[in-house]
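Chain by chain, the residues run as shown.
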Amino acid sequence: MAGSGRRPEHRGPPELFYDEAEARKYTQNSRVVEIQSQMSERAVELLGLPEDRACLLLDVGCGSGLSGDYISEEGHYWIGMDISPAMLDVAVEREVEGDLLLADVGHGIPFRPGMFDGCISISAVQWLCNADKKSHSPPKRLYRFFSTLYTALARGSRAVLQLYPENSEQLELITAQAMRAGFTGGMVVDYPNSAKAKKFFLCLFVGTSGTLPKGLGTECASEELHQAKFTNERTRFRNVKGKSVKKSRDWILEKKERRRRQGKEVRADTKYTGRKRRPRF
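As the structure is a prediction and not an experimental result, all values here were calculated from the model. (Residues numbered from 1 in each chain as written. Predicted model: local features only at pLDDT ≥ 70, side-chain atom pairs only at ≥ 80, totals over all residues. Heavy atoms only, no water.)

(A) Representation of the nonpolar core within the structure. Among the nonpolar cores identified, the biggest contains 32 residues, and L58, I109, F145, F146, L149, L161 and F183 are the most heavily contacted of them. If you list the elements that add at least two residues to this core, you get β1 (56-60), β2 (77-82), β4 (116-122), α6 (138-152), β5 (153-163), α7 (168-180) and β7 (199-205). Looking at which element gives the most residues to this core, the answer is α6, with 6 residues. Apart from the residues within four sequence positions on either side, F146 is in contact with L161, I174, Q177, A178, A181, F183, L202 and L204. (Core = buried A, V, L, I, M, F, W, Y, C linked by side-chain atoms within 4.5 Å. Buried < 20%, exposed > 50% of the residue type's maximum accessible area, 1.4 Å probe, protein only. Helix = DSSP H or I, 4+ residues; strand = E, 2+ residues; numbered from the N terminus. Contact = heavy atoms within 4.5 Å.)

Given below as structure tokens:
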């Protein structure tokens, strides 16, 4: 159930829709990559993870690992599940930092109780509403998914599932099965008044009822937020959130250090690390 940065059209089961050609086309589409990264960032933000330690997250419908890339950049570990072999093959080729599992989440989440500190899913859960085989019952598959996910998550953790519901009935079906499985929470809708930017995030709590976060764009921003703020700080390698700009020297060094902590072989740091190469003539 590979996630994507666009609203998927139903063209059969995802393991057939995302063949090798489609998987590569999807992963190389810069617009899809950008949207996927933005939604992954928002999903991780809604998880409310502790800032003082690295967490283990489950990525449902991980696809080629684009959402996992963001999890890794944040310093967390992850395991990804997807039903598409072609998507996972691309993830392996891309040398993503997470572990990968080929599985149909409609059959359940096959991990021990309390294993994960959180779960995200980008554009994948709505696939469970499709009956692609005679044996498929969307309510049963959704309940199996949510009940086993509830068990696999640590108490007090969250699951944030970004999805594209086809209609209000589908949205109600998904939410009802999640609540039946024991979750509390609800739907967070970002930019509800925008046809293009509107996004649905099902924010679920495990064990304890938390306060449902507010959706972006639901309040009129104050004039102060739209005014530029200037400081004397040097921000060459940092973005507005204090994170290293992707592909910068700092970003590369941070990524290499994470890989060293995971016991992976990494090239030594030199004065040439992160330096742009001159164009060849």
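(B) View of the packing of aromatic side chains. As enumerated under the stated definition, the model contains 4 aromatic pairs in all. Between F145 and F146, the aromatic rings sit 4.9 Å apart at their centres with planes inclined by 50 degrees, giving tilted as the arrangement. On the basis of relative accessible area, F146 is assigned to the buried category, the value being 0%. A centroid spacing of 6.2 Å and a plane angle of 80 degrees characterise the contact between F146 and F183, whose relative ring orientation is edge-to-face. Here F183 lies in the loop between α7 and β6 (184-190) and F146 lies in helix α6, a separation of 37 residues in the sequence. Comparing F146 with F183, the two get one shared label, buried. Taken together through their ring pairs, the aromatic side chains of F145, F146, Y150 and F183 make up a single cluster. (Phe/Tyr/Trp six-rings, centres within 6.5 Å; stacked < 30°, edge-to-face > 60°.)

(C) Representation of the pattern of salt bridges in the model. Applying the stated rule across the entire model yields 6 salt bridges. Here D190 ties to R42 by a salt bridge, and the two come within 2.8 Å at their closest N and O atoms. Of this pair, D190 sits in strand β6 while R42 is found in helix α3 (residues 30-47), placing the two residues 148 residues apart along the sequence. Here D190 and R42 have matching classes, each one buried. A salt bridge links R53 to D117; its shortest N-O distance comes to 3.8 Å. Taken together, the positions of R53 in the loop between α3 and β1 and D117 in strand β4 put the pair 64 residues apart, joining distant regions of the chain. A residue is classified by how much of its surface remains accessible, and D117, at 22% relative accessible area, is partly exposed. Counted as one network, the salt bridges with shared partners bring together R42, E45 and D190. (Salt bridge = Lys/Arg side-chain N within 4 Å of Asp/Glu carboxyl O.)

Fair warning: the whole summary comes from geometry, so function is off the table for now.
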